[in-house]
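# Structure assessment
Each chain, written out:
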Amino acid sequence: MVYMGLARIIVLAVKRVLYSHGFGLKRAVLVGESKTSEILWHEFATKKSLGYEVVKRFDKFGLEEAQELETMLGFKAVDEVIQSDPNLSKAEILRLYDFADEHHLTFKYAADLLDTKVLRVEVMELAGVPIAEVKKTSLDGWGRIMKRLFDIVVSALLIILSSPILLLTAILVKLDSRGPVFYKNER
């Protein structure tokens with residue numbers, strides 16, 4: 001685990017150095033005219049180590065913007081589309097998502113107020129409609145069962161692995177002293 005942790009730290013450091021020199025940057029298009037858009041625009045422009053380069057920014061995403069973005073794709077100038085305004089209309093959001101899906105672009109979006117307050121969300125489909133359930137804890141339902149199974153399996157493995165050491169210790173205690181291996185209070 002220590003080596004994996006160190007390897008991840010080294011890989012992240014190398015990526016940041018490469019990003020800061022302009023290598024491997026993800027070319028992104030920002031869509032939206034909110035404060036979030038301004039923050040992302042500024043952060044991506046000033047901090048190359050984040051790994052993004054904004055190639056275009058749209059205030060909205062209508063048919064004209066879709067055509068312009070499609071033209072840009074002819075030059076392979078875009079990797080990701082980021083919806084940076086959580087208050088875009090539903091029609092614009094669906095158009096943007098469908099465009100990204102159709103052109104095999106990564107689609108990301110800035111979370112709205114509810115999304116930032118709720119971290120444990122499970123999305124499921126009921127009757128063809130995506131439904132988000134806010135979980136009180138990740139140990140509801142199957143999470144609790146998986147945790148219990150993990151606890152049992154890991155503890156059994158640790159007992160099996162440590163049993164030779166425990167057996168050796170019990171033998172050494174018996175050879176070293178006259179009493180029993182386990183202490184027993186006889187009151």
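Check the entry above for the structure.
Described in the following lines is the structure provided in the data block. (Residues numbered from 1 in each chain as written. Predicted model: local features only at pLDDT ≥ 70, side-chain atom pairs only at ≥ 80, totals over all residues. Heavy atoms only, no water.)

Right, let's talk about the overall build of the protein for a bit. Across its full length, the protein holds six helices and six strands. Listed by position from the N terminus, the elements making up the protein come as α-β-α-β-α-β-α-β-α-β-β-α. Within the protein, the proportion of its 187 residues that are buried is 20%. Of the contacts made within the protein by residues no fewer than 6 positions apart, 65% connect residues no fewer than 24 positions apart. Surface accessibility of the protein: about 14,800 Å² in total, with carbon and sulfur atoms responsible for 64%. (Helix = DSSP H or I, 4+ residues; strand = E, 2+ residues; numbered from the N terminus. Buried < 20%, exposed > 50% of the residue type's maximum accessible area, 1.4 Å probe, protein only. Contact = heavy atoms within 4.5 Å. Areas by Shrake-Rupley, 256 points an atom, 1.4 Å probe, with all protein chains shown as cover.)

Sheet topology places strand S3 (residues 80-83) next to strand S4 (residues 106-109); four bridges connect them, and they run parallel. Looking at the pairing, Ile 82 lines up with Lys 108 of S4. Handedness of the crossover is the feature at issue here: the chain leaves S3, passes through helix H4 (residues 90-102), returns alongside S4, and the resulting connection is right-handed. (Pairing = 2+ DSSP bridges. Right-handed = clockwise from strand over helix to strand, strands pointing away.)

A separate point is the sheet that holds S4. Within a beta sheet, neighbouring strands are joined by backbone hydrogen bonds and run either parallel or antiparallel to one another. Taken in spatial order, the four strands make up an open sheet running S2-S1-S3-S4, and their pairing is parallel. The strands lining the two open edges of the sheet, one partner per strand, are strand S2 (52-58) and S4. Strand-to-strand, the axes of this sheet are offset by a mean angle of 25 degrees, without reference to chain direction. Bridge analysis of strand S1 (residues 26-31) against S2 gives six bridges, and the strand direction is parallel. When the bridges of S2 are listed, Val 31 appears paired with Phe 58. Strands in contact with helix H2 (residues 35-46) are S1, S2 and S3; relative to S2, the strand with the most contacts, it is inclined by about 145 degrees. Each of S1, S2 and S3 is contacted by helix H3 (residues 63-73), which is oriented at about 145 degrees to S2, the strand it contacts most. (Axes fitted to C-alpha atoms, helices over the stretch in contact; angles between N-to-C directions.)

As a further point, take the packing of aromatic side chains. One pass over the structure, following the stated rule, counts five aromatic pairs. Put simply, the rings of Phe 58, Phe 61 and Phe 99 touch in pairs and so form one group of aromatic residues. (Phe/Tyr/Trp six-rings, centres within 6.5 Å; stacked < 30°, edge-to-face > 60°.)

With respect to the helices and strands, Asp 85 occurs in the loop between S3 and H4. Not counting chain neighbours up to four residues away, the residues in contact with Asp 85 comprise Val 31, Gly 32, Glu 33, Ser 34 and Ser 37.

This part covers a nonpolar patch on the surface. Residues Leu 167, Leu 168, Ile 171, Leu 172 and Leu 175 make up a contiguous nonpolar surface patch of roughly 540 Å² in combined accessible area. Note on placement: Leu 172 falls in helix H6 (residues 142-176). (Patch = residues over 30% accessible without salt bridge, like charges linked within 9 Å, V, L, I, M, F, W, Y side chains within 5 Å. Salt bridge = Lys/Arg side-chain N within 4 Å of Asp/Glu carboxyl O.)

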